[in-house]
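Chains, contacts and geometry: an overview
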Amino acid sequence: MEEKMQEFLESKQELIKRLGSDETTGLSTSHAEKNREQYGTNVLTREKPESLFKRILSASSEPMILMLIMAGVIALIVNIIRATTGSEADFLECVGIFAAIFLSVLITVVMEGKKCQSI
């Protein structure tokens, strides 16, 4: 560990000499090329953004959304049973639940997309 700390304790002149650099011009082209071959280029790698499908799946798996989906499915099943038995069915209730699910997932995906773009 002391070896690593020693690098921080070097004077500016010792560091320039050890790295084979020049205070005014920096590294020579050949030395910079040698470093590039040895260490790679000095660029940040960009992470591949998450696909839209994965973002939708992630937003859909939140506990509140899962509860809404279950409520929508139950309401749909109850209304289908009512419709087949001749009772009064209210499919508008199901449409409302699934519209709420759709809007919630849409808003979550859009907000996460904006957050990722800003980062």
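Above this text sits the structure in question.
Source: prediction; values computed, not measured.

What counts and what doesn't
Residues numbered from 1 in each chain as written. Predicted model: local features only at pLDDT ≥ 70, side-chain atom pairs only at ≥ 80, totals over all residues. Heavy atoms only, no water. Helix = DSSP H or I, 4+ residues; strand = E, 2+ residues; numbered from the N terminus. Core = buried A, V, L, I, M, F, W, Y, C linked by side-chain atoms within 4.5 Å. Buried < 20%, exposed > 50% of the residue type's maximum accessible area, 1.4 Å probe, protein only. Contact = heavy atoms within 4.5 Å. Expected span 1.5 Å × (residues − 1).

**Describing the environment of V110**
- Note on placement: V110 falls in helix α6 (residues 91-118).
- When the C-alpha atoms of V110 and E47 are compared, they prove to be 19 Å apart, with 63 residues separating the residues in sequence.

**Focus on the nonpolar core**
- Core analysis: the largest hydrophobic core is formed by eight residues, namely A59, I65, A75, C94, I97, I101, V105 and V109.
- Of all elements in the fold, only α5 (63-85) and α6 reach the threshold of two or more residues within this core.
- Ranked by residue count, the leading element in this core is α6, at five residues.
- Discounting chain neighbours no more than four positions away, the residues touching A75 are E93, C94 and I97.

**Side note on α5**
- With 23 residues, α5 ought to run about 33 Å at 1.5 Å a step, and its terminal C-alpha atoms sit 33 Å apart, in line with that.
- If you check which residues of α5 are buried, you get I65, G72, A75 and N79.
- Downstream of α5 by one or two residues, G86 has phi in the positive range, about 90 degrees.

**A look at the side chain of N79**
- Its location among the elements puts N79 in helix α5.
- Classification of N79 by relative accessible area gives buried; the value is 2%.
- When sequence neighbours within four positions are dropped, the list of residues in contact with N79 reads A89, D90, F91, E93 and C94.

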